[in-house]
Amino acid sequence: FAAFNAMYCTQALLPQLSDAFSAPPSTAALTVSATTGAIAIGVIPVSILSEHFGRGKVLSISLFVATLVGLLLPLSHSMGMLIALRALQGIAISGVPAVAMAWISEEIDPGYVPIVMGWYIASDSIGGLSGRLIPAFVSNAFGWRWALIVNGVVSVVLALIALRALPKQRRFVSRAITFGGEFRAILVHWRRPVLVALFAVPFLALGLFVTMYNFVGYHLTENFGFPPALVGFLFVLYLSGTYSSTQAGKLSSKIGPGKVLVLSGILSATGLFLAYIPSLPVLIIGLLIFTASFFAIHSTASATVGILAKKGRAEASSSYVFSYYMGSSILGSTLGLVYQDHGWAGLITTLLIGTAIMLAIIVYVATPRQ
């Protein structure tokens, strides 16, 4: 909750940041992509450190530093400074997603991992929602700087609660590490085609998802007359992800993760098709379906990684998280150029092509093997 609150705190403010710093949408989007890109870069080294120092220590330090950096964001006097601070915040945040999934895979009975992972992803969606909704609400009355101040304070309070409540691991065994040995352990997973395909799913899923929410605000202000400060209230649709991620975990336990992934991919494409229609109610319904299906995909795919990787689960989880946030960083900013050059229809077409590729990969992952 605390980490994801901090992670996406500028996304609802992108139109306002464009106005404040006279920056195009693709540049403003870097305040999100710089954070997720830094997370992708930091997640594997931090995961390796957790093998020796423990998941709890890494998670606690990361959360504490990340939320403190968040308090510096309102002091930014240029877009470059804001992007740099967001990158620093991303490096600090990386410790949370780097170890959380490994922690769940280690501590929870395998039969319950999909359900617990669903609740973890649900907390991500609620945290992400608060990180967009709080700045949107505050900025409507006081501007983007006060929005980041208030959200930063909330994030610090959440972090303190988490650090106080965090239980100790029961099954963690510290071991000596060498970075060379750990990277060789990571390469073992990247030599398994099914895992490589599974790592490609979050790259595309989050990349397409973040792209949609980076630029739908511009679409709403330019074509539907939405005030920029009210765009953030659209993120209440994240609550659909809170529900879908938990239900996906339960459904995976009944019918298998492969079928859940295929169904979720089809629903994602359906939501995007609805976004073509120039009607605000239909657009919102499409976003609702697209959002719910994304969280179902993420919940199911992340749990499947923990199940398929019988050994080196921390390395497998860190590879998944690396792909997840690298997709957000790369696609979330570069596809902004598509929006600038070809408008909303061009962007949705591009997202549909990416979803079709993702669905083809999901079908491969879901195909039974001997």
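Just so it is clear, the model here is predicted, and its values are computed rather than measured.

Rules and cut-offs
Residues numbered from 1 in each chain as written. Predicted model: local features only at pLDDT ≥ 70, side-chain atom pairs only at ≥ 80, totals over all residues. Heavy atoms only, no water. Helix = DSSP H or I, 4+ residues; strand = E, 2+ residues; numbered from the N terminus. Rg over C-alpha atoms; globule rule 2.2 N^0.38 Å. Lys, Arg positive; Asp, Glu negative; His and termini not counted. Charge placed at Lys NZ, Arg CZ, Asp CG, Glu CD. Axes fitted to C-alpha atoms, helices over the stretch in contact; angles between N-to-C directions. Parallel < 35°, antiparallel > 145°, perpendicular 65-115°, else oblique. Left-handed = near helix turned anticlockwise from the far one by under 90°. Contact = heavy atoms within 4.5 Å. 1 Å grid on protein atoms, 1.4 Å probe; cavity = no way out; pocket = protein on both sides within 12 Å on 5 of 7 lines; lining within 4 Å. Points joined across faces, edges and corners; volume = space filled by probe spheres on them. Nonpolar A, V, L, I, M, F, W, Y, C, P; charged D, E, K, R; others polar. Core = buried A, V, L, I, M, F, W, Y, C linked by side-chain atoms within 4.5 Å. Buried < 20%, exposed > 50% of the residue type's maximum accessible area, 1.4 Å probe, protein only.

**A word on the overall build of the protein chain**
Next up, step 1: Helix and strand counts for the protein chain stand at 15 helices and zero strands.
Next up, step 2: Against the compact-globule benchmark of 21 Å for 370 residues, the protein chain has a radius of gyration of 19 Å, which places it among compact chains.
Next up, step 3: Across its three principal axes, the protein chain shows a C-alpha extent of roughly 55 × 40 × 30 Å.
Next up, step 4: Positive and negative side-chain charges of the protein chain, numbering 20 and 10 respectively, have mean locations separated by a distance of 10 Å.

**Brief notes about the packing of helix α5 (residues 55–70) against helix α7 (residues 95–107)**
Next up, step 1: Two elements in contact, α5 and α7, have axes whose closest approach is 9 Å; the angle formed by their N-to-C orientations is 150°. Here α7 runs roughly antiparallel to α5, going by the angle between their axes. You can see that α5 and α7 cross each other, and the crossing is left-handed. Residue-level contacts link R55, G56, V58, L59, S62 and L63 of α5 to G95, V96, V99, A102, W103 and E106 of α7.

**Some words on the layout of surface pockets**
Next up, step 1: Of the pockets and cavities examined, the largest pocket occupies roughly 540 Å³.
Next up, step 2: With five residues, the top contributor of residues to the lining of the largest pocket is α7.
Next up, step 3: Of the residues in the lining of the largest pocket, the class split is 18 nonpolar, one polar and two charged.

**Section: the nonpolar core**
Next up, step 1: M212, Y213, Y325 and W344 are the most contacted members of the largest nonpolar core, which has 108 residues in total.
Next up, step 2: Top contributing element to this core by residue count: helix α15 (residues 313–366), with 19 residues.
Next up, step 3: Aside from chain neighbours lying at most four places away, what touches Y325 is F4, M7, Y8, T36, G37, I39, A40, P97 and L206.

**Some thoughts on the environment of T35**
Next up, step 1: By secondary structure assignment, the location of T35 is in helix α4 (residues 30–53).
Next up, step 2: Along the backbone, T35 and A185 are 150 residues apart, and their C-alpha atoms lie at a distance of 26 Å.
Next up, step 3: When residues no more than four places from it in sequence are discounted, the contact partners of T35 are M7, R86, A87, G90 and I93.

**With respect to the side chain of S76**
Next up, step 1: Examined against the element boundaries, S76 turns out to sit in the loop between α5 and α6 (79–93).
Next up, step 2: With residues up to four places along the chain from it excluded, the contact list for S76 reads F21, M81, L82, L85, W144 and R145.

**Some words on empty space enclosed by the protein**
Next up, step 1: In total, this model carries five cavities of 30 Å³ or more according to the counting rule given.
Next up, step 2: Lining the largest cavity are F4, Y8, D124, G128, R132, L206, F209, V210, Y238, F294, F295 and Y324.
Next up, step 3: Mapped by element, the contributors of at least two residues to the lining of the largest cavity are α8 (113–142), α11 (193–223) and α14 (280–308).

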